[in-house]
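Chain residues, written in single-letter form:
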Amino acid sequence: MSKKQYIDPEKERKPGYITFGKIPLNQYNRTIQQERENYSDEDLVRIYRDMVIIREFETMLNRVKTTGEYNGIRYSHPGPAHLSIGQEASAVGMAYHLTVDDFIFGSHRSHGEILAKGLSAIHQSEEHILVQIMSGYFDGTILRIVEKGGKGEVKDLAVRFLLYGTLAEIFARETGFNKGLGGSMHAFFPPFGIYPNNAIVGGSGDISVGAALFKRVNKKPGIVVANIGDASMGCGPVWEGISFASMDQFKTLWDEEYRGGLPILFNFMNNQYGMGGQTRGETMGYDILARVGAGVNPEMMHAERVDGYNPLAVMDAFKRKKAILEARKGPVLLDTLTYRISGHSPSDASSYRSKEEIEAWKNVDSIIEFGLQLMTAGVASASALESIREKVKDLTTEIMVLVVDDTQSSRMNLTRDPDTIGRKMFSNESVNTFDHRDPEVCLPIGENPRVLQIKKKERFGLDTDGKPFSKVKSFQLRDGIFEAIIDRFYKDPTLIAFGEENRDWGGAFAVYRGLTEALPYHRLFNAPISEGAIAGAAVGYAMCGGRVIPEIMYCDFLGRSGDEVFNQLPKWQSMSGNILKMPVVLRVSVGSKYGAQHSQDWSSIVAHIPGLKVVFPATPYDAKGLMNAALQGTDPVVFFESQRIYDVGELFHEGGVPEEYYEIPIGEPDIKKQGKDITILSVGATLYTIMEASEELSARWGISTEVIDGRSLVPFNYEPVLESVKKTGKIILASDASSRGSFMKEMAQTVTELAFDYLDAPPVVVGSRNWIVPAHELEEFFFPQKEWILDACHQKIMPLKGYNPSNDFSDDEQIRTNRLGI
Ligand SMILES: Cc1ncc(C[n+]2csc(CCOP(=O)(O)OP(=O)(O)O)c2C)c(N)n1
Ligand SMILES: [Mg+2]
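Remember, it's a predicted structure, so these values are computed and weren't measured experimentally.

When you go through the protein residue by residue, the secondary structure sums to 28 helices and 20 strands. Scaling as 2.2 N^0.38, a compact globule of 822 residues should have a C-alpha radius of gyration of about 28 Å, and the protein matches this with 30 Å. Counting only C-alpha atoms and orienting by the principal axes, one finds that the protein spans roughly 100 × 70 × 50 Å. For the protein, the proportion of its 822 residues judged to be buried stands at 61%. A total accessible area of about 32,600 Å² is found for the protein, and carbon and sulfur atoms account for 52% of it. Of the charged side chains in the protein, 89 are positive and 108 negative; the average position of the first set lies 1 Å away from that of the second.

Printed below as a string of structure tokens:
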């Protein structure tokens, strides 16, 4: 079922011009009197109150940071507090028309957005729902604390709950919204539609697109707002997120029910500065940020600049833009112009801007101006507004008293329970499906052409005489991965897969061949060449409750998705206090033949990052079992696949690769060959080189090798390896990764520490050279070869009689190459 979109040379080569439409700038011009048709006086006063709450909350933080005191309460907060004093109208205006089903994502400067969205959600929610949320969240821990001094109605209690949860999180208390593991820059609260805020600026740019994708694919109501700073318009994830969100296929190729622009609004909170860099006139060239929308798609992203100093203007814009998104005409770009009166952080001396400029913006302060308008229009009296301000001050003080009280609002006790954070790194659950609706598929699995083709294959790689079947006849490693994936597509309706050339091409290495026939577009699609957004959108999709397989075509391209793979994918489960799951299986193909930028094994870099599970199967049986386990889990798994062995048959597992479902637990190494004289531990494709070396050691010197295939890097059970080393007293560790800093070095160090008394020789790592990967014709000089294993054994572990080594594994050579950094 390939797509057919004919590209007509005659049409494409015609001369012409692109014309752009107008982008409105600050066009809102209604008065409060006029808006009284749309909003009750109570609504208008509430808008004022919400802005005052944010202002007071941040004033309190500013005082704590600069003077160590607020209203007589002393406190020291060494952590961050990026304040948005001045920007309140843009936050409250943004949140006003959003419902609990609408999600917001943001960045380091999000206290105001959290409070605005939370207050709006509280206003809109029925009391019994609020009670349900508060009593369900961390088993009612926060509710019990705020109830104590609680006066008034459920909604008042909910406001206290919101302020408390946010502040306790900022002050790193276990009673915060994310158990104090997120803190000021990352705090969030999903029950009110407040999704993660990111200290990596622009980080929400692609994650939020994944959330919008989740809503579309799983038919969930609501839109997604990505709140991003103006200076972050320069960030890769933002551009990639915009590219991903504006793909034509949503409007052209997806099935009717799913067709249309994604429900995502990129809202730039344009305070006109980075930290000190000025975006207009200095660090960016867009002149007016809204212009960026013009180049993205014919709809110009419905871009608009709105006056973020007027809450009513922002509300009006959000109402109109939300309607556009609900009509499936997204994405939308909004340039919400505002100004940060406070410094970037409380220690900021504002050396990059003039006093006159700050004064000028203070003179049009949105809270003062809006208050005056309310009074002039007769909506509220001066004393009524004064009373709001006083009440808010009292409330803020009360909340602070609760939060800084160590007996009620304790921190995690890592002395009593040192593993508290450790336990939060992975969720380790086994979940068959994330939804019980019928999965959308195009044909019964038994009719799939690839499935039918695989049925004819030999599931064990050798015939009865021990001779290998031909590559075509043999069930290959890529078939093992395919079987696990297609099986899950028929079990879990939330499962989607995307990456470059994933659909009609069948995946760059033919793993997905047959999936195009099985799946509609919304479950399997080609992504733009945006590795960051491929990983980032997967993170956003998973944190909303779906399972996803993003793919990075070559391991070397992981660098392009560095932030998403190193900072986002591994961290959100624990940074959320475990309220989020991250069922993402990131497939990463490790190349060969294509030289320096297409052949590196970067497994050690990934394994270094806490919060990722990392596997690297080398056989069809292991590939299927590990993929099944990864897809049944709830944790992020980086699934390495070596291009050198996609076509190997199963040579180890007796009976071949089972047709039925089975899992191989992630973290369990496998003894591929038993032996007694020397242990060789490998990860990845080197297994086959090691088997050859093992045969030669046996044939020529009668040495019996125990070959262990690590299969996983993280987690890893060392026991079978230690058992083996205790028996053999010797170990070689090999993989295709450049040896310096490789995971095999980590394993060698651990084995040394844990089996020191049993070792007859030091563990020896045989990895690739610390060079660039050369052309295919020279690869034998780069990747570990059979001889290298023998050389290492001969020179470092036990002399092999009559053996003439071809490589120098001596100590001197090791010192020399290290000195040279190669
Ligand atoms: C990837 C990344 N680069 C740099 C920083 C340091 N940093 C923190 S805030 C900031 C300025 C961001 O400006 P903008 O996006 O306009 O947001 P604002 O601070 O104005 O709200 C910078 C450079 C960071 N946190 N993340
Ligand atoms: Mg800014």
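Another point: the coordination of the magnesium ion (ligand 2). Within the protein, Asp230 (OD), Asn271 (OD1) and Tyr273 (O) serve as the donor atoms for the magnesium ion (ligand 2), at 2.0 to 2.1 Å. Counting gaps between the donor residues of the magnesium ion (ligand 2) yields the pattern D-x40-N-x1-Y. Here the two residues Asn271 and Tyr273 agree in accessibility, since each one is buried.

On to the site of ligand 1, then. Taken together, 14 residues surround ligand 1, and among them His108, Arg109, Asp230, Ser232 and Asn271 come closest. Taking Val201, its main chain carries an N or O atom lying 3.2 Å from a nitrogen atom of ligand 1. The class makeup of the residues in the shell around ligand 1 is six nonpolar, six polar and two charged.

One finds Leu213, Phe244, Phe266, Phe498 and Phe640 to be the most contacted residues of the largest nonpolar core, which totals 259 residues. Not counting the four nearest positions on each side in its chain, Phe498 is found in contact with Leu213, Phe244, Phe525, Ile534, Ala537, Ala538, Val548, Ile549, Pro550 and Glu551.

If you walk across this open sheet you meet the seven strands as E10-E9-E11-E12-E14-E13-E18, and the pairing is mixed. If you trace the sheet from one side to the other, it starts and ends with strand E10 (524-526) and strand E18 (712-714), each paired once. Neighbour to neighbour, the strand axes of the sheet diverge by 20° on average, direction disregarded. Of the pairings in the sheet, the one linking strand E12 (residues 585-590) to strand E14 (residues 637-642) comprises six bridges and is parallel in character. Within the sheet, the bridge partner assigned to Val588 lies in E14 and is Phe640. Across the sheet, helix H19 (residues 531-543) is in contact with strand E9 (496-499) and strand E11 (548-552); its angle to E11 comes to roughly 170°.

All right, on to the sheet that holds strand E16 (residues 678-683) then. Spatially, the five strands line up as an open sheet ordered E15-E17-E16-E19-E20, and their pairing is mixed. Of all strands in the sheet, those with a lone pairing partner are strand E15 (670-673) and strand E20 (764-768), marking the two edges. Adjacent strand axes in the sheet meet at a mean angle of 25° when their direction is disregarded. Of the pairings in the sheet, the one linking E15 to strand E17 (residues 705-709) comprises three bridges and is antiparallel in character. Paired with Ile671 across the bridge in E17 is Ile708. Packed onto the sheet, helix H27 (residues 786-797) meets E16, strand E19 (731-738) and E20 and runs at close to 150° relative to E20.

Below, the discussion takes up unusual backbone geometry. A cis amide bond, omega 5°, links Gly330 with the succeeding residue Pro331. The topology assignment puts Pro331 in the loop between helix H12 (311-326) and strand E8 (332-337). A cis amide bond links Val714 with the next residue in sequence, Pro715, at an omega value of -10°. If you trace the backbone, Pro715 turns up in the loop between E18 and helix H25 (719-728). A positive phi angle, near 55°, is found at Met301, a position not held by glycine. Within the secondary structure layout, Met301 lies in the loop between strand E6 (264-270) and strand E7 (304-307).

For the pair helix H9 (residues 204-217) and H19, the least separation of the axes is 6 Å and the interaxial angle reads 55°. When the interaxial angle is binned, H9 and H19 end up oblique. Here H9 and H19 pass one another in a crossing that is right-handed. Contact with H9, carried on its side by Asp206, Ile207, Gly210, Ala211, Leu213, Phe214 and Val217, involves Gly532, Ala533, Gly536, Ala537, Val539, Gly540, Tyr541 and Met543 of H19 and no other residues of that element. Here the residues of the contact of H9 with H19 are counted per class, giving ten nonpolar, four polar and one charged.

This part takes up the pattern of salt bridges. Counted by the stated rule, this structure contains 53 salt bridges. A salt bridge links Asp677 to Lys676, with the shortest nitrogen-to-oxygen separation between them at 3.5 Å. Here Lys730 and Asp760 are joined by a salt bridge, their closest N and O atoms 3.5 Å apart. One end of the pair, Lys730, is in the loop between H25 and E19; the other, Asp760, is in the loop between helix H26 (743-755) and E20, and 30 residues separate them in sequence. Looking at Lys730, the relative accessible area reads 15%, which means it is buried. What you see here is one network of salt bridges that share partners, running through Asp622, Asp670, Lys672, Asp709 and Arg711.

Along the chain, Cys235 turns up in the loop between strand E5 (224-229) and helix H10 (236-245). By relative accessible area, Cys235 is classed as buried at 17%. As a C-alpha pair, Cys235 and Val725 span 490 residues in sequence and 49 Å in three-dimensional space. When sequence neighbours within four positions are dropped, the list of residues in contact with Cys235 reads Val201 and Gly202.

With that settled, consider empty space enclosed by the protein. Applying the stated rule across the entire model yields three cavities of 30 Å³ or more. Roughly 50 Å³ of volume is contained in the largest cavity. Looking at the largest cavity, the residues that line it are Ser84, Gln87, Glu88, Ser90, Ala91, Arg109, Gly112, Glu113 and Met269. Counting only elements with at least two residues in the lining of the largest cavity, the list comes to helix H4 (88-96) and helix H5 (111-124).

Rules and cut-offs
- Along each chain, numbering runs from 1 in the same order as the chain's sequence is written.
- To label them, take the chains in the order written and letter them from A, then take the ligands in the order written and number them from 1.
- Reporting of local features is limited, given that this is a predicted model, to residues whose pLDDT is at least 70; pairs of side-chain atoms are given and counted only at 80 or more, and all residues count toward the totals for whole chains, interfaces and linings.
- Each side-chain value is derived from all of the structure's non-hydrogen atoms; neither hydrogens nor water enter the calculation.
- Each helix is a run of DSSP H or I of at least 4 residues and each strand a run of E of at least 2, with the numbering of both proceeding from the N terminus.
- Atoms counted for the radius of gyration: C-alpha only. Globule rule: 2.2 Å times the number of residues to the power 0.38.
- For each residue, the accessible area found with a 1.4 Å probe, counting protein chains only, is set against the maximum for its type, and the residue is called buried under 20%, exposed over 50%, and partly exposed in between.
- Every accessible area reported is derived by Shrake-Rupley at a probe size of 1.4 Å, with residue values counting cover from the shown protein chains alone.
- For the purpose of charge, His is not counted, nor are the chain termini; Lys and Arg are scored as positive and Asp and Glu as negative.
- Charge placement uses NZ in Lys and CZ in Arg. For Asp and Glu, CG and CD serve respectively.
- Ligating atoms shown are N, O and S within 2.8 Å of the metal, or 3.2 Å for Na, K and Ca, and water is not included, meaning a site may look less than complete.
- Neighbouring residues are identified by heavy atoms, a residue being near a molecule or strand if any of them is within 4 Å of it.
- Contacts described as polar in this section are N or O atom pairs within 3.5 Å, which, within protein, must combine one atom able to donate a hydrogen with one able to accept it, while residues neighboring in sequence count only if both atoms come from side chains.
- For this scheme, ten residues count as nonpolar: Ala, Val, Leu, Ile, Met, Phe, Trp, Tyr, Cys and Pro. Four count as charged, namely Asp, Glu, Lys and Arg, and the remainder, Gly too, count as polar.
- Buried Ala, Val, Leu, Ile, Met, Phe, Trp, Tyr and Cys residues that are joined via side-chain atoms within 4.5 Å together make up what is termed a nonpolar core.
- The criterion used for residue contact is that any of the two residues' heavy atoms lie within 4.5 Å.
- Between any two strands, pairing holds if DSSP finds at least two bridges.
- Structural elements are reduced to axes, namely lines fitted to C-alpha atoms, with helices fitted over the stretch in contact, and the angle between N-to-C directions of any two is expressed from 0 to 180 degrees.
- For classification, angles of less than 35 degrees are called roughly parallel, those exceeding 145 degrees roughly antiparallel, those between 65 and 115 degrees roughly perpendicular, and all remaining angles oblique.
- Should the near helix be turned counterclockwise from the far one by less than a right angle, the crossing is left-handed, whereas a clockwise turn marks it as right-handed.
- Whenever Lys or Arg places a side-chain nitrogen within 4 Å of a carboxyl oxygen from Asp or Glu, that contact is recorded as a salt bridge.
- The definitions used throughout rest on a 1 Å grid laid over the protein atoms alone, on which a cavity is an enclosed set of points accommodating a 1.4 Å probe that cannot get out and a pocket is an open set flanked by protein within 12 Å on both sides along at least five of seven lines; lining residues are those having an atom within 4 Å of a point.
- Grid points are joined across faces, edges and corners, and a volume is the space filled by probe spheres set on the points.

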